[in-house]
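Residues per chain, in single letters:
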Amino acid sequence: MGILLWVLFGLIAGAIAKFLMPGKVPGGILLTIALGIIGAIVGGFIGAQLGFGDISGFDFRSMLLAVGGGVLVLFVFGLMNRARA
């Protein structure tokens with residue numbers, strides 16, 4: 001059930017992260033959702049490594065980890081995208 005929950009958090013976290021970091025992201029909403037899913041996985045991994053827990057249930061802490069990971073992934077993606085241009 002863990003990976004399915006990460007995907008669900010990723011969908012929500014992608015939308016919230018996009019709201020927190022507006023701007024043009026090539027690929028539109030599908031890419032934002034994919035980056036949100038990746039961000040949720042990254043946030044869960046970083047949270048587990050730092051001792052904050054992981055995304056194991058639907059609670060506020062898990063959502064913060066997922067959104068934080070989503071913002072981090074969108075930020076890195078934006079930096080990589082600017083470097084290409």
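Look up a bit, the structure's there.
None of these values were measured; they are calculated from a predicted model.

Novice: Could you give me a rundown of the overall build of the protein chain, with the residues and numbers involved?
Specialist: Each helix and strand in the protein chain was counted, giving 3 helices and 0 strands. Along the protein chain, helices and strands appear, N-terminal first, in the series α-α-α. Split into buried and exposed, the 85 residues of the protein chain put 31% on the buried side.

Novice: Quick one: what's the story with helix α2 (residues 28-50), residue by residue and with numbers?
Specialist: For α2, spanning 23 residues, the distance from its first C-alpha to its last is 32 Å, which sits close to the expected 33 Å at 1.5 Å a residue. Along α2, the residues classified as buried are Thr-32, Leu-35, Gly-36, Gly-39, Ala-40, Gly-43, Gly-44 and Gly-47. Of the residues trailing α2, Gly-51 is marked for its positive phi of about 85°.

Novice: Which residues make up the environment of Ile-16, and what values go with them?
Specialist: Following the sequence through the fold, Ile-16 ends up in helix α1 (residues 2-20). Note on Ile-16: relative accessible area 33%, which makes it partly exposed. Sequence separation between Ile-16 and Val-67 is 51 residues; the distance between their C-alpha atoms is 6.7 Å.

Analysis parameters
- Residues numbered from 1 in each chain as written.
- Predicted model: local features only at pLDDT ≥ 70, side-chain atom pairs only at ≥ 80, totals over all residues.
- Heavy atoms only, no water.
- Helix = DSSP H or I, 4+ residues; strand = E, 2+ residues; numbered from the N terminus.
- Buried < 20%, exposed > 50% of the residue type's maximum accessible area, 1.4 Å probe, protein only.
- Expected span 1.5 Å × (residues − 1).

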